[in-house]
Amino acid sequence: MGTTTSTAAQPATVKDAPAPAPPRAGARRRKRSMGVQNAAGWLFSMPFLVLFTVFMAFPILATLLMSFTDFGLRNVTRPWEANFIGFENYTELFGDEKFLTSLLNTAYFVVVGVPLTIAIGLVVAVLLNNGIDRARTFFRVGFYAPVVTTIVAVAVVWRFVLDPSDGLIAGLFSEVGLTAPDFLGSETLAMPSMIAMAVWRNVGTVMVLFIAGLQAIPTEVREAARLDGAGVWQEFRGITVPLLRPTLLYATVITTIGYLNVFEEPFVMTQGGPSDSTLTVSLNMYREGFNFFHMGYASAMAYVLFVVIMGITVLQLRLLKDNTK
C-alpha cells in the first residue's frame, strides 16, 4: 500500500503593515498644525490690532498719563516738557463750579432721558409687535429712521420745529392766538428740549431691541396666561416685563452710557447755553481741551466721566442681573 506524505499548510504571506507613528511624532504634527493656525489667526487679526493700538490703546494710555500733568498748547510739539503735577487736576475739578454745573446737567439729562427713552421704546415695541397689523414694517422703519440720521440733519429739523418765530410749534401757537416760548433760549426749557430731541432720536434703537425680545417670548406662555384669565395689563406686568429683563438690562445700560456721553445735541443746538444750562461734561471737556488747550485738565475730566460711567454700569448690572436668570 503506497503511503502519501502530507505537507503542513503554509500560512499565507501578508504584507507587512506600516508601523504606527510614534506618539511623539503625532504630537509634534498636531503642535505644528496648531502653530500654523495660531499664526494665521494673528496674521488676519494684525490689521485690527495695529489700528486698535494706534488709534485706541495708545491715546487712552496717553490721556491717562496726560491727566497727571499740566499738558497744554506749549507741549504739543514738546510733550516731554510737561510737568508732572500728580492729582492736582482731579482735586481742582471738584472745586470748579463750571464742571460741577456740567455734571449736574448731565445727571439731569440721564435721569430724565433714560426712563423716557426706555418707556416709550417699550410701548412702541409692544404696539408694533401686537397691536398693529397693517404697515408694521413701515412704522418700524419710521421709528428707526432718526437713529441713522446725522445729528446735523436732526439739528436742522429741530431748530426749525423749535424756532420761536417761524417754527412749526410757533405756527401752532399762533393758530390759537398765543406766542411760542423760546425753547432753546430759555434756561428752563433748553434742557427739556434737548432731552426731547435725544429721546426722539434714540427711541428707535430701544424699540428694535424690545421687538427682538418680545419675539423671543414663547407664545405658549401668553396663551396659558390668557386661558387662566389674565388681562392685557396682567399679562404685560406678569409675563412680558419679567421675560424682557435681559433686554431691559442691555437697553438701559447702553442708553445710559450714551446719555452720559451726550455731546452732539448741546454742541450743535445751543453750544451749552443759555448760561451753561445745557453744558454737559463731554462738551465742557471739549472746550477745555480744544478751545482753551488745557489738555491735562480735560484728560482728568474724561477719566472722572469714565469712572462715573463704570460705577453706574456696575450698579445697573447688580440691580437687574439677579432677575435675568
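Residues numbered from 1 in each chain as written. Predicted model: local features only at pLDDT ≥ 70, side-chain atom pairs only at ≥ 80, totals over all residues. Heavy atoms only, no water.

Asker: Just checking my understanding: could you explain the environment of leucine 317 for this structure?
Answerer: With respect to the secondary-structure elements, leucine 317 resides in helix H13 (residues 295-321). With 65 residues separating them along the chain, leucine 317 and threonine 252 place their C-alpha atoms 9.7 Å apart. If we ignore the near neighbours within four places in the chain, the residues touching leucine 317 are Leu249 and Val253. (Helix = DSSP H or I, 4+ residues; strand = E, 2+ residues; numbered from the N terminus. Contact = heavy atoms within 4.5 Å.)

Asker: Would you mind going over the packing of helix H7 (residues 190-215) against helix H10 (residues 245-260) with me for this structure?
Answerer: Following both chains from N to C, one finds H7 and H10 inclined at 160 degrees, their axes separated by 10 Å at the closest point. As judged from the angle between their axes, H7 and H10 are roughly antiparallel. Between H7 and H10 lies a crossing whose hand is right-handed. Residue-level inspection shows Ala198, Val199, Asn202, Val206, Leu209, Phe210 and Gly213 of H7 in contact with H10, the latter providing Thr247, Leu248, Tyr250, Ala251, Ile254, Thr255 and Tyr259. Counted by class, the contact of H7 with H10 contains 10 nonpolar, 4 polar and no charged residues. (Axes fitted to C-alpha atoms, helices over the stretch in contact; angles between N-to-C directions. Parallel < 35°, antiparallel > 145°, perpendicular 65-115°, else oblique. Left-handed = near helix turned anticlockwise from the far one by under 90°. Nonpolar A, V, L, I, M, F, W, Y, C, P; charged D, E, K, R; others polar.)

Asker: What is the right way to read the environment of alanine 170 from this model?
Answerer: In this structure, alanine 170 sits in helix H6 (residues 168-175). Given a relative accessible area of 8%, alanine 170 falls into the buried group. Taking the C-alpha atoms as reference, alanine 170 lies 9.3 Å from aspartate 182; in sequence the two are 12 residues apart. (Buried < 20%, exposed > 50% of the residue type's maximum accessible area, 1.4 Å probe, protein only.)

Asker: What is the right way to look at the packing of aromatic side chains in this model?
Answerer: Within the structure shown, the criterion is met by 13 aromatic pairs. Look at tyrosine 303 and phenylalanine 306: their rings are 6.1 Å apart centre to centre, the planes differ by 70 degrees, and that puts the pair in the edge-to-face class. Taken together, the residues span about one helical turn, with tyrosine 303 and phenylalanine 306 both in helix H13 at a distance of 3 residues. Judged by relative accessible area, which is 17%, tyrosine 303 ranks as buried. Judged by relative accessible area, which is 45%, phenylalanine 306 ranks as partly exposed. (Phe/Tyr/Trp six-rings, centres within 6.5 Å; stacked < 30°, edge-to-face > 60°.)

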